Amino acid sequence: MNFEYFIAKRIIDSKAYKSSISAPIIKIGIVAIAIGIIVMMIAIATGIGLQEKIRDKVVAFNGHASIAKYDTNNSQESQTPISINQEFYPNFTAVEGIKHIQAVASKSAIIRKENDFEYIIVKGVGADYNWDYFKDYLIEGVLPDYTKPRNEDILISEYISKRLQIAVGDKINTFFVSSDMNKMPRPMAYKVVGIYNSGFKEFDELYIIGDIRHIRRLNKWKKDEIGNFEVFIDNYDELDRKGVEIFQNIPSVLNSITVTNKYPLVFEWIGIFDKNIYGIIGIMILVAGINMITALLVLILERTQMIGILKALGTSSLGIRKIFIYNATYLILLGLFWGNLIGLGLLFAQKHFGLFPLNPDTYHVATVPVYINFGYIILLNIGTFILCLLMLLIPSYIITRISPVKAIRFD
């Protein structure tokens, strides 16, 4: 057995070690490591989780990128139609990593009740629409099926449902506003088949999902005309690069814009989470490292006589430093063990039971979302372990300055 490891193990296993003066300080060091890893895991899991949830909500209503005709229209209503007959539709083979592309159109309208009304935008979709996001947001009823020849079914938000006292199965009257102020609004009757709640109030209070054929008829478009295309990609991390490739592979009369450019304030806000995560990780590792340095210095001070005896017997300073590094390694690993056990327990409890709520008006989610990936957990543990160990190399240098004669006489 390795001599330094054997001595370190005997120190750790001894009863005197556990009841010594340094015991409380050692426990504080272990607790500091545990708390540090818990806080870092929670910061990463909730930070990334919140980013993904908010990002997915925005993408659900817009796609990762949007392709439309060049115009000066800055409204959310489709005004200039484009032909659905494009080389990139329905399969965008010119660019790798395109998961799905769908045709949509939007038009402003007013829902009128006996004693109230609400301004909304009807987003017209067709048989090619990807309902994966709304499957998670659906809280009542069913999703519309626009493969039928004629369909008045719509999906409304929980916000609009409560605001106007509309339930699944109700028929509602909407009035579509014309850009020509001299024309009367055109009525349209719909049947509510489902209610969704994305948690993103800016979208929930505005959008209902309907049949794109109604938008065409109201706008007097041809059967092959739509408002714009929504493009979904496989990997969000490649969004900027894919956005450029999409733009380069569409006709010159069309323009494309990524969701990050369409909603810059939202994505700048969630981008701040990364800086917060890095800041918390840095602070926690620094605090844990300082506590471990303190614990190691106390251990060295308490074992000064042992150091003197080992030096007198011919043990090198490097060998003695290894003994205390082994000792500190055990303490770090103990702190990491308890930190991971408690941290993962809290994260899984939050993931499955939603113990900690958030204000949806501020964060766009009702409970704290968590992202659990064992890849970042392993890297976090390895990084914490290595950095704490490197920080301990400096105080362990004190051992080389200890004189055997003075150390043996130390009391």
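Residues numbered from 1 in each chain as written. Predicted model: local features only at pLDDT ≥ 70, side-chain atom pairs only at ≥ 80, totals over all residues. Heavy atoms only, no water.

## Some thoughts on helix α8 (residues 239-248)
Okay, so step 1: Taken as a whole, α8 has its buried residues at L239, K242, G243 and I246. Within α8, the buried residues cover an arc of 105° as seen down the axis, which keeps them to one side. Facing away from the buried side of α8, by more than 90 degrees, are the exposed residues D240 and Q248.
Okay, so step 2: Those residues of α8 that are buried lie in contact with β1 (65-69), β3 (98-112), β11 (228-233), β12 (254-258) and α9 (259-262). (Buried < 20%, exposed > 50% of the residue type's maximum accessible area, 1.4 Å probe, protein only. Helix = DSSP H or I, 4+ residues; strand = E, 2+ residues; numbered from the N terminus. Arc of directions from axis to C-beta. Contact = heavy atoms within 4.5 Å.)

## What to know about the packing of aromatic side chains
Okay, so step 1: In the structure shown here, the tally under the stated rule is 21 aromatic pairs.
Okay, so step 2: A centroid spacing of 6.1 Å and a plane angle of 75° characterise the contact between W131 and F134, whose relative ring orientation is edge-to-face.
Okay, so step 3: In this structure W131 comes out as buried when scored by relative accessible area, which is 13%.
Okay, so step 4: Classification of F134 by relative accessible area gives buried; the value is 0%.
Okay, so step 5: Ring centres of F134 and Y196 lie 5.3 Å apart, and the angle between their planes is 85°; this geometry places the pair in the edge-to-face category. (Phe/Tyr/Trp six-rings, centres within 6.5 Å; stacked < 30°, edge-to-face > 60°.)

## Considerations on the nonpolar core
Okay, so step 1: Ranked by size, the top nonpolar core spans 71 residues in total, and within it I67, F88, F92, F134 and F229 carry the most contacts.
Okay, so step 2: A per-element tally of this core places β3 first, with seven residues.
Okay, so step 3: Formed by 39 residues, the second largest nonpolar core is a distinct cluster that contains I7, M40, I377 and L389. (Core = buried A, V, L, I, M, F, W, Y, C linked by side-chain atoms within 4.5 Å.)

## Re the packing of helix α11 (residues 304-312) against helix α12 (residues 317-353)
Okay, so step 1: Put simply, α11 and α12 touch, their axes get as near as 10 Å, and they point 145° apart. In this structure, α11 crosses over α12, and the sense of that crossing is right-handed. Counted together, M306, I307, L310 and K311 of α11 and S317, I320, I323 and F324 of α12 form the full contact between these two elements.
Okay, so step 2: Here the residues of the contact of α11 with α12 sort into six nonpolar, one polar and one charged. (Axes fitted to C-alpha atoms, helices over the stretch in contact; angles between N-to-C directions. Left-handed = near helix turned anticlockwise from the far one by under 90°. Nonpolar A, V, L, I, M, F, W, Y, C, P; charged D, E, K, R; others polar.)

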